[in-house]
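Residues per chain, in single letters:
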Amino acid sequence: QESTSNRRIMKVIIFITLLAAAYSLEVTKVTGPTPPAVPCPNSLCKGRADGNYEYHYYSRYNPNYFLQCSNGLAYCQACWPLSLEFSEGCNQCLYNRKDECVTTEKWHPATTFECPDKCPHRGPHFSGNIADPNNAHQYVACFHGATVGCIACPKGLLYNEKWNACLYKGLYKTEPEH
C-alpha cells in the first residue's frame, strides 16, 4: 500500500509540475483589449477615392480611428495603441495628428505585392485577419470569405493571428529589453 500511495503522490507532483510549466509557457496577453467598434457604414466612402481618411461619423470626429475606403466599401480602423491619432496628411497614426510625419518620403500605396488568397478556405461568413503563411511581416484581410488584400506590419513587427496584432517577435507589445 505504501508503494501505491507513493506512486499516487509522485503522479500528483508530476501533474502539478507539468501544469505549472504549461502555464508559464502561455503567451501573455500584452496586446491589450480590442478597441471598441465604431459605426462604419459604406456611405462614409460615398464619392471618395480609395485611401485612408480621418474618421467623421455625422458631426462626431474621432482622431483615434481612421476610415479606409476600398472600392466604395468602408473599413473603420483603430490606431494602435488607441492613444495615437490619425494624420490624413501623413497617412499615419502619430502621437498627435499635428506632429510631423514619421517619414519625409512621400507616401505611395503598395499596389503590387504577393498576397495569398486564403480567405475562401475559412468559409463565406468569415471576416477577420489571417496570418500569411509565406510572410510573417504581413497578414491577409478577409471580408465575408473574400480576400480583401494583405496588410504589412510596421517595420520590425511580426503578425500574431491569435492576438490579431503585429508584435515584436510576434509575441510582445513592446520591444523586449536585451
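Structure: above.
Here is what the cut-offs are and how they apply
- Residues numbered from 1 in each chain as written.
- Predicted model: local features only at pLDDT ≥ 70, side-chain atom pairs only at ≥ 80, totals over all residues.
- Heavy atoms only, no water.
- Pairing = 2+ DSSP bridges.
- Helix = DSSP H or I, 4+ residues; strand = E, 2+ residues; numbered from the N terminus.
- Axes fitted to C-alpha atoms, helices over the stretch in contact; angles between N-to-C directions.
- Disulfide = S-S within 2.5 Å.
- Buried < 20%, exposed > 50% of the residue type's maximum accessible area, 1.4 Å probe, protein only.
- Phe/Tyr/Trp six-rings, centres within 6.5 Å; stacked < 30°, edge-to-face > 60°.
- Lys NZ or Arg CZ within 6 Å of the ring centre and 35° of its normal.

(A) Fine view of the sheet that holds strand S2 (residues 60-70). Judged by pairing direction, the sheet is antiparallel, and its three strands sit side by side in the order S1-S2-S3 without closing on themselves. The sheet terminates laterally at strand S1 (51-57) and strand S3 (73-78), the two strands that pair on one side only. Strand-to-strand twist of the sheet, defined as the mean angle between neighbouring strand axes without regard to direction, takes the value 45°. Strand direction decides the pairing type here: S2 and S3, joined by six bridges, are antiparallel. Bridging from a neighbouring strand, Cys69 pairs with Ala74 of S3.

(B) Structural view of the state of the cysteines. Within the structure shown, the criterion is met by seven disulfides. A sulfur-sulfur distance of 2.1 Å marks the disulfide that ties Cys79 to Cys93. Disulfide Cys79-Cys93: the torsion about the S-S bond is -75°, which places it as left-handed. Of this pair, Cys79 sits in the loop between S3 and strand S4 (85-87) while Cys93 sits in strand S5 (residues 92-94), and the two are 14 residues apart along the sequence. The partly exposed category is assigned to Cys93, whose relative accessible area is 26%. Linked covalently through their sulfurs, Cys119 and Cys142 form a disulfide whose S-S length is 1.9 Å. Note on the Cys119 and Cys142 pair: the S-S dihedral is about -75°, so by sign convention the disulfide is left-handed. Highlighted residues: Cys119 in the loop between S5 and strand S6 (128-131) and Cys142 in strand S7 (residues 138-143), separated in sequence by 23 residues. The buried category is assigned to Cys119, whose relative accessible area is 0%.

(C) Structural view of the packing of aromatic side chains. Evaluated as defined, the whole model comprises four aromatic pairs. Ring plane angle 50° and centroid distance 6.3 Å describe the contact between Tyr55 and Tyr65, whose orientation is recorded as tilted. Remark: Tyr65 occurs in strand S2 and Tyr55 occurs in strand S1; sequence separation between them is 10 residues. You'll find Tyr55 and Tyr65 in the same group, each marked buried. Above the face of the Phe126 ring, Arg122 is positioned so that its terminal group lies 5.4 Å from the ring centre.

(D) Focus on the sheet that holds S7. Here we have three strands laid out as an open sheet, ordered S6-S7-S8, and antiparallel in their pairing. Each edge of the open sheet carries a strand with a single partner, namely S6 and strand S8 (146-152). Adjacent strand axes in the sheet meet at a mean angle of 30° when their direction is disregarded. Bridge count for S7 against S8 is six bridges, and the pairing is antiparallel. Within S8, the residue paired with Ala141 across the bridge is Gly149.

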